[in-house]
Amino acid sequence: MAECGILYLVATPIGNLEDMTYRAVRILSEVDLIAAEDTRGSIRLLNHFEIRTPMTSYHEYNKVSKAKTLIETMLGGKNVACITDAGTPGISDPGEVLVQMALDHGIRVVPVPGACAAVNALICSGQGTRRFCFEAFLPAEKKERDLILEELKEETRTIVVYEAPHRILRTLELLAAALGGRSVTICRELTKKHEEIRRTTLPEAVRYYEENEPRGEFVLVVAGKDRRELIRERQDEIRGSLSLEEHMKQYLDQGLEKKEAMKAVAKDRGMTKREVYSQLLGESQELHSRMNRRFPE
């Protein structure tokens, strides 16, 4: 029985052909077959680097049926390289399905790194880079999109979103409505001749593209919600829904000792333990005073 072939995930340039790596050229030249998301665009890339490897179409509309064929090819001992329209395959494209199926069949998957629009946009955005989330394109279906936007309201990590020119204004409007005046860095046509990086706010970005025709491919890098603001909002919500005594009772009912319950209440409400104790004592004395006035000894 022939040894299984290998699935290579080969990153290709997102604009500037000089970003093609030596390794990517070698792998694409050596494999038996290249599975390309856009064969018409990819043939220009392959011709530029004089790569003569046969190519087959692998895209969103045949990602399951064609993946099965590619799996059979690799199980037969052939090596396959997967490339996307531009950038790194497997990120918000059909390559994800092929990778899952390859691993399920025990086929080795090898990444060949290179350009990635999300990472390039993030590192030059001026937004926080230690923690970030990638949302790709917001869903077209309203119900699913609304759910994601609702989740993003509380997201404290930097948010990376892709968008096409004909939808960028609408997406900015939706983000501004959901996230308010957050900072956003708009990265347009990365690595290309008309590359532009604009740091602004979501409302200002909406106004800009209402007056200026958007062109090119966009990556939006949006600041996450300030963690301190999130904590304050939660504390305000707790204070508005529970009295101090009710809050204490919740923890005491869970079996906490009085000191531990007081400590937990203080943390939830953004208070010190002394403040909690003082207010509880004050409420207790006030209740005792009212009871005495109502039922004098």
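Residues numbered from 1 in each chain as written. Predicted model: local features only at pLDDT ≥ 70, side-chain atom pairs only at ≥ 80, totals over all residues. Heavy atoms only, no water.

**Some remarks on the environment of Leu138**
Inspection of the secondary structure assignment puts Leu138 in the loop between β6 (132–136) and α6 (142–152). Between the C-alpha atoms of Leu138 and Arg26, which are 112 residues apart in sequence, the distance is 35 Å. The residues contacting Leu138, other than those within four sequence positions of it, are Arg145, Ile148, Leu149, Val161, Thr171 and Leu175. (Helix = DSSP H or I, 4+ residues; strand = E, 2+ residues; numbered from the N terminus. Contact = heavy atoms within 4.5 Å.)

**With respect to the confidence of the model for the chain**
Low pLDDT marks regions whose predicted coordinates should not be analysed in detail. On average, residues of the chain carry a pLDDT of 88, and 90% of them reach 70 or more. Contacts for the low-pLDDT stretch residues 290–297, under 50 throughout, to residues beyond four places or in other chains number one contact. (pLDDT = per-residue confidence, 0-100.)

**A few points about helix α7 (residues 168–179)**
Relative to the 16 Å expected for 12 residues at 1.5 Å per residue, α7 spans 16 Å between its end C-alpha atoms, a close match to the ideal helical length. Looking only at α7, the buried set comprises Ile168, Thr171, Leu172, Leu174, Leu175, Ala176, Ala178 and Leu179. Buried positions along α7 lie against α6, β7 (158–163), α8 (202–211) and β10 (218–222). Gly180 occupies a position one or two residues after α7 and carries a positive phi of about 75 degrees. (Expected span 1.5 Å × (residues − 1). Buried < 20%, exposed > 50% of the residue type's maximum accessible area, 1.4 Å probe, protein only.)

**Structural notes on the packing of aromatic side chains**
Under the criterion given, the structure shown has four aromatic pairs. Judged by centre distance (5.7 Å) and plane angle (70 degrees), the ring pair of Phe137 and Tyr162 falls under edge-to-face. Of this pair, Phe137 sits in the loop between β6 and α6 while Tyr162 sits in strand β7; the two residues are 25 residues apart in sequence, bridging distant segments of the chain. Assessed through its relative accessible area of 35%, Phe137 is described here as partly exposed. Ring geometry for Tyr208 and Tyr209: centres 4.9 Å apart, planes at 85 degrees, overall edge-to-face. A relative accessible area of 26% means that Tyr208 is categorised as partly exposed. Ring-pair connections join several aromatic residues into one group, and the members of that group are Phe134, Phe137 and Tyr162. Above the ring of Tyr208, the side-chain terminus of Arg198 is found at 3.8 Å from the ring centroid. (Phe/Tyr/Trp six-rings, centres within 6.5 Å; stacked < 30°, edge-to-face > 60°. Lys NZ or Arg CZ within 6 Å of the ring centre and 35° of its normal.)

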